[in-house]
Every structure is written in C-alpha cells, then in structure tokens.
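The residues making up each chain are set out below.
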Amino acid sequence: MVQSNRITIAALLASSFLTLPVSALAQDKILRIGMTAADIPRTLGQPDQGFEGNRFTGITIYDSLTEWDLSKEEEASVVIPGLATSWEVNPEDTTKWTFTLRDDVTFHDGSPFNAEAVVWNVQKVLDEAAPHFDASQVGVTASRMPTLRSARVIDEFTVELTTAVPDSFLPINLTNLFMASPTHWQAKFDETGDAESAWAAFAADPSGSGPFRVTSFAPRERLEMVPNENYWNPARTSSLDGLVLVPLPEANARTAALLSGQVDWIEAPSPDAIAQIEARGFTIYSNPQPHVWPWQLSFAEGSPWLDQRVRHAANVCFDREELSILLGGFMGAPKGSYEPGHPWFGNPSFDIRYDLDEAQRLMSEAGFSDSNRLRVKVQTSASGSGQMQPIPMNEYLQQSLRDCYFDVELDVIEWNTVFTNWRRGATDESANGAHAINVSFSTMDPFFGMVRFTSTGTFPPVSNNWGYFGNDEFDALIAAARTAFDAEERDEALATLHTRIVEEAPFVWVAHDTGPRAMSPRVTGVVQPKSWFIDIAPMGME
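In this numbering scheme, every chain counts its residues from 1 along its sequence in written order. Confidence filtering applies because this is a predicted model: local features only for residues at pLDDT of at least 70, side-chain atom pairs given and counted only at 80 or more, and all residues used for totals across whole chains, interfaces and linings. Hydrogens and water molecules were not included; the side-chain quantities draw on all heavy atoms of the structure.

Chemist: Help me understand the state of the cysteines, please; the structure alone is not making it clear to me.
Modeler: Such a bond, covalent and formed between the sulfur atoms of two cysteines, is termed a disulfide. Disulfides are defined in this document as cysteine sulfur pairs within 2.5 Å. Per the stated rule, a full pass over the model turns up one disulfide. A sulfur-sulfur distance of 1.9 Å marks the disulfide that ties Cys-317 to Cys-404. Taking the torsion about the S-S bond as the criterion, the Cys-317 to Cys-404 disulfide, at about 100 degrees, is right-handed. Taken as a pair, Cys-317 in the loop between helix 11 (308–315) and helix 12 (320–326) and Cys-404 in the loop between helix 14 (390–400) and strand 16 (406–413) lie far apart in primary sequence, 87 residues in all. Categorising residues by exposure relies on relative accessible area from a 1.4 Å probe, with only protein chains included: less than 20% of the type maximum marks a residue as buried, more than 50% marks it as exposed, and the intermediate range marks it as partly exposed. Cys-317 sits in the buried class, given a relative accessible area of 2%. Counting from the N terminus, the helices are DSSP H or I runs at least four residues long and the strands are E runs at least two residues long.

Okay, here's the thing in structure tokens:
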C-alpha cells in the first residue's frame, strides 16, 4: 500500500501545475482536486465515470438547457434555467416542448450558441444519419433522457423538442445534455476527415460554453483548466487562476496527496483518516444527498432474488447504524430510495430496518438455513463516482448476511467497467454470473431514481434496469407519473410508484451518501448542496 501511494504521488508530481514548491503553491489560486475516478472523465461533451464525470468535466466545461440550483445548502436542489430561459409543454400535444434560449452566449471558440446548436447536440446522440453522430456518447446520454426523439429550429433562439410519449420529466432529464460547439467540431472534422477522429480531436481540445475551458489534457494523469473570462453568468464567473483534476482512485493515496499539499480537495476521504485530516486543519464538508448506495438485484431466470422473502430478509439482516460507525458517521440509513417526508416517499408497508430475527424467519420460510445456505454473487468496484468505500462496505455486508444464511461472493472490477456493465444487464456475459450489481445512483430526477430501474421499457441496453425488474403494474404507475404535468398530481403519482418499489424491493438499500469531501482551508466560497453535484465556479482560493 505504501509503495502504491508513493507511485501515485510521483505521478502527481509530474504535473506542470504540481511541481511547484509548497511555498509557491500557497501563492497561486489554482484549485487541485483529487477525484475517486481512475481516469479523467471524458471531455468531449458527454462525460463518463458516472455523475463524477458530470460534476468535474460536465458542468465545468459545458452548460445544459436546464441545470441544478447548487447555490443552497439547506434546501433541496431544483431545476432552474440554464442556456434556456424558459420552457413550456404544448397543451394540445404534450410530446412537444418549446424552449426559449439565451441570446448572449458564445462557445469557448467564439462561435454563437443558438437553436441550431441545440439541434446539432441532440443529433450527436440521437440521429444516426447525422455526420457528427457519436455512438460512444449515446450510452451515457440517451439512457438518461430516453423519451427525447428530435429537435427542430423555430427561430434563432427558440427550439422545439419532441418526445416519444408525453413526459413531464423532460426538463429534469435535460440537465444531462451538454452543449458542445458545432463550429469547433466542424473544424476538427475538416482537419481529420472523419467523425471518429474529429471527436477524438475535439476531446483533446474541447469547446463548450461553461465557466472553465481546457488548456491541457493528459489521460489518466490530469486535466488542467482556466476560467472562461467571457462566461455569460457573472455569479459563476470564476476568480481562480486555474483548476486541475487528478485521478486518485485509492483512498489512502488521496489522503496522502491532501496532507502533503499536492491537492487542495479530495473526494471521499478514508474514514480512518478523517481525524488526522481535521487535526491538520483541513475542513470536511458533507450534506445528506439524494443518492443511494445499493445492491441492485437480478430478476432473471434462476436468480436467487426472485423470492420476495429473500429480498426482504437481506434488507433487514444488517445494522446500518453499525455500518455508519465504520464510515465515520458519513452515511444515512435509508428507508427506500427516498426518505419519509419527501413528497415522493409514499406509504410503503415494508419497513427497511435492522431485525435479525425477522430476517432469519423469512429465510427459513423460504427454505434456507445454516446447513442450506443461499449463494449470491455481487459485482462491485474498488472505487468510483458515488461508490463511497465499496470494499469495506461490501465486506461488512458479506459478513453480516452470513447470519441470515447468505454466502456472498464479491466480484471486484474497475469502476468504469462496472458502470458500462450496468447498461448491459444481468444476463450479459459481462455480469460474470453476478446476481446483483453495486452501482450507486442519484435520485434527484424521478427517472434516475425510480423509472429506469422499474420500467420494462428500460431493460438493457436501453437504460439501467440491469436486473430486468418490471411488469404491467409498474409500467402503468410510471405512465401515470409521466403524464401528470401538474406538480402536485405528479408528486402523488411518484409517491405511489415509490411505495410499490419499496414493497417489492428490487434493491438491497444499504446507505444514503452524505458526500464527504476534505478541503484545504484556503478554498473559499464552498457550498455543499443537498445534491450529488457541487459547483466549483463560485469558489475561490485565499
């Protein structure tokens, strides 16, 4: 472990920004971040690496039509205007939406943002006939806005978007469609002669309209950015001299980099190191997030999870309060994907809790005992976006579930591979025979939090219903929510959907993340919202 840390720190020192002596580092205003990802998230417009990609190369380099309000700590994040100033659904045809765009935005290359740019960015992931269509961006985009079908220009700053079915979730989904510069891409295409090469060149030299622009990119080592001085939003025009992203997937390596002054901010510090980090004067930021750390269960033929009693037993077999102690208190104990008091929680009859006697009773009723144990295999990662501390957490579950007659085998692979496998499904060879997959997810969006895991229309490879859970009942509940364009009616429909999800238990709900991150006291203007995302642009350095 020590040798691994030394190698990682040596890699850090290879950065042009990081070779400065500590005295010099104290003078600049370059914010250096140690991510949990093993590589720099893709920079060509639609990031990979889960929502860590959106956080670090999405909302930094790019903008979207709608965006999350990340300016408040005490209130839940809501969708607000981004590159679109307003939007409305057509009351006579609720598959059509009109978006009015900002008229004062330019991309980093100086070209204008307009309705044609929106159409171009929709085509890049939905129109296979478009010359700039990029299949590599489809998986991380179309699966997050599955009903969007097309866009057309109404006038220079007005665009119409059409969905396959009426979908009240569309404005929320569009926070994931980042606007890249068509002009800049065309220049790369003119230089290279083919679309794939043009996108590769674009990724190395991207052009969005976001608060930062890329100046240097070394895959698996670092990404360097500087503020966009012409950014359209004064509240998000950065005062930093620069921003550096460094992949540090191993928790001890991140801690060593922070304590040695090589980075100013680390994601997911090791719980064992928190006391030392705080004693050295660093600040730990955390906030309850709409973010679930689960096992997502397989409902494929022959899966051990097909019996509801087994699913309920696993959910009540382990002590989440004890697990929280293991994590230094940086987790919440879930009652479902949403919590009581949330407008989408509902009134489920199944109570997620710790009840060992009940878990053993359910397993005995299902035919299992200490002499007839149930073998389950879980695919997980060693690190990654939102994965918290996956190895110790899964090992805790592995040990705890032994008391309920489960024998758990862990299949630990690289994070981005797990994330890719998530879209391929439990029956794909990539699952390696796993009966569950451990991928954390955000619940800010009802599609992200519920629909993509329970609809028969989101079976792989369409979206992330890895376990093939769904039936006519759930499809009808989803349709009721999607066609409710009144907010109160939609919330009621979503509460009914969540009630049934908890009762059927297609997950083992383990934890809600609180997003702990450790930062140097030099970092100012930090707002840790109740969101999976955080806005770097308003931050500064003393």
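Chemist: Mind showing me how you'd approach unusual backbone geometry here?
Modeler: Where the residue is not glycine, phi is negative for most of them; where a peptide bond is considered, it is trans in most cases. For the peptide bond that leads from Pro-460 to Pro-461, omega is 5 degrees, which places it in the cis range. Positioned with a positive phi, Met-388 is a non-glycine residue whose angle comes to about 55 degrees. Mapping Met-388 onto the fold places it in the loop between strand 15 (374–381) and helix 14. A relative accessible area of 11% places Met-388 in the buried class. Of note, Tyr-468 is a non-glycine position whose phi angle comes to about 60 degrees, a positive value. Examined against the element boundaries, Tyr-468 turns out to sit in the loop between helix 16 (446–454) and helix 17 (472–482). According to the relative accessible area criterion, Tyr-468 is partly exposed, its value standing at 23%.

Chemist: Just to check I follow, could you spell out the sheet that holds strand 20 (residues 517–519) for this structure?
Modeler: A pair of strands counts as paired when DSSP detects no fewer than two bridges linking them. The seven strands are arranged 8-9-10-1-11-20-12 in an open sheet whose pairing can be described as mixed. Either end of the sheet is taken by a strand with one partner, and the two such strands are strand 8 (212–218) and strand 12 (283–285). Along the sheet, successive strands turn relative to each other by an average axial angle of 20 degrees, direction set aside. In the sheet, strand 8 pairs with strand 9 (residues 222–227) via six bridges, with the strands oriented antiparallel. Each residue of the ladder has a partner; that of Val-214, found in strand 9, is Met-225. The strands that helix 3 (residues 50–58) touches are strand 1 (30–35), strand 9, strand 10 (242–247), strand 11 (265–267) and strand 20; relative to strand 11, the one it contacts most, it runs at about 160 degrees. Axes here refer to lines fitted to C-alpha atoms; in helices the fit is confined to the stretch in contact. Angles between the N-to-C directions go from 0 to 180 degrees. We call two residues contacting when some pair of their heavy atoms lies within 4.5 Å.

Chemist: What is the right way to look at helix 15 (residues 415–422) in this model?
Modeler: Each full turn of the α-helix corresponds to 3.6 residues, which orients residues three or four apart in the same direction. In terms of burial, helix 15 is largely enclosed, as six of its eight residues are buried. Buried residues of helix 15: Trp-415, Asn-416, Val-418, Phe-419, Asn-421 and Trp-422, and no others. With a side-chain oxygen lying 3.1 Å from the backbone nitrogen of Asn-416, the N-terminal cap of helix 15 falls on Glu-414. Under the rule applied, a polar contact is a pair of N or O atoms within 3.5 Å (in protein, one hydrogen donor and one hydrogen acceptor; residues adjacent in sequence only if both atoms are side-chain atoms).

Chemist: So what exactly am I meant to see when it comes to the pairing of strand 10 here?
Modeler: Of all six residues in strand 10, six are buried; the element is thus mostly enclosed. Relative to strand 10, strand 1 is paired through six bridges, and the arrangement is parallel. Within strand 10, the position partnered with Leu-31 by the bridge is Leu-243. As paired elements, strand 9 and strand 10 share three bridges and run antiparallel to each other. Paired with Glu-224 across the bridge in strand 10 is Val-244.

Chemist: What am I meant to see in the nonpolar core here?
Modeler: The tendency in soluble globular proteins is for nonpolar side chains to be buried as a group. Ranked by size, the top nonpolar core spans 113 residues in total, and within it Trp-295, Trp-305 and Phe-406 carry the most contacts. Among residues more than four places away in sequence, those in contact with Phe-406 are Trp-305, Val-310, Ala-314, Met-363, Arg-373, Leu-374, Val-376 and Leu-401. By nonpolar core we mean a set of buried residues, namely Ala, Val, Leu, Ile, Met, Phe, Trp, Tyr and Cys, connected to one another through side-chain atoms within 4.5 Å. Ranked by size, the runner-up nonpolar core spans 26 residues in total, among them Val-119, Val-159, Leu-170 and Leu-177.

Chemist: Help me understand the pattern of salt bridges, please; the structure alone is not making it clear to me.
Modeler: It is possible for side chains bearing opposite charge to pair when their charged atoms get close. We define a salt bridge as a contact between a side-chain nitrogen of Lys or Arg and a carboxyl oxygen of Asp or Glu at a distance within 4 Å. Counted by the stated rule, this structure contains 26 salt bridges. Arg-32 is the salt-bridge partner of Asp-28, the closest N and O atoms lying 2.8 Å from each other. In this structure, Asp-28 and Arg-32 share a single accessibility class: buried. With a shortest N-O distance of 3.1 Å, Arg-500 and Glu-504 are connected by a salt bridge. Here Arg-500 pairs with Glu-504, and both are found in helix 18 (residues 487–504), just four residues apart, close to one helical turn.

Chemist: Explain the packing of aromatic side chains here, please?
Modeler: A ring pair, where both rings are aromatic, is described by two values, the distance of the centres and the angle of the planes. Note on ring pairs: Phe, Tyr and Trp rings are taken, using the six-membered ring of Trp, and paired if centres are within 6.5 Å. Classes follow the plane angle, with under 30 degrees stacked, over 60 edge-to-face and the rest tilted. Within this structure, the stated rule accounts for 27 aromatic pairs. On the numbers, 6.1 Å between centres and 50 degrees between planes, the contact of Trp-97 with Phe-485 is tilted. Of this pair, Trp-97 sits in strand 5 (residues 93–101) while Phe-485 sits in the loop between helix 17 and helix 18, and the two are 388 residues apart along the sequence. With centroids separated by 5.5 Å and ring planes inclined at 50 degrees, the aromatic side chains of Phe-419 and Trp-422 adopt a geometry described as tilted. Of this pair, Phe-419 and Trp-422 both sit in helix 15, three residues apart, which is roughly one turn of that helix. A relative accessible area of 1% places Trp-422 in the buried class. Pairwise contacts between aromatic rings join Trp-415, Phe-419, Trp-422, Phe-441, Phe-453, Phe-507 and Trp-509 into one cluster. For a Lys NZ or an Arg CZ to count as sitting over a ring, it must be within 6 Å of the ring centre and within 35 degrees of the ring normal. For the cation-ring pair, Arg-452 lies above Phe-448, with the distance from its terminal atom to the ring centre recorded as 4.8 Å.

Chemist: Would you mind going over the packing of helix 16 against helix 17 with me for this structure?
Modeler: Packed helices, taken two at a time, are described by the angle their axes make and the gap between the axes. Following both chains from N to C, one finds helix 16 and helix 17 inclined at 145 degrees, their axes separated by 10 Å at the closest point. Remark: the crossing between helix 16 and helix 17 carries left-handed chirality. The residues of helix 17 that touch helix 16, namely those facing Phe-447, Val-451 and Thr-454, are Phe-474, Asp-475, Ile-478 and Arg-482. Each helix crossing is assigned a hand: it is left-handed if the near helix lies turned anticlockwise from the far helix by less than a right angle, otherwise right-handed if that turn is clockwise.

Chemist: Would you take a moment to explain the sheet that holds strand 6 (residues 148–155) for this structure?
Modeler: Each strand in a sheet pairs with another by means of backbone hydrogen bonds, the pair being arranged parallel or else antiparallel. The sheet built from four strands is open, its strands ordered 4-5-7-6 with antiparallel pairing. In this open sheet, the two strands that pair with only one neighbour each are strand 4 (84–90) and strand 6. In this sheet, neighbouring strand axes are inclined to one another by 20 degrees on average, regardless of whether the strands run parallel or antiparallel. The pairing of strand 4 with strand 5 spans six bridges and is classified as antiparallel. If you follow Ser-86 over to strand 5, its bridge partner there is Thr-100. Contacting strand 5, strand 6 and strand 7 (158–163), helix 4 (residues 115–126) crosses the sheet at an angle of about 165 degrees to strand 6.

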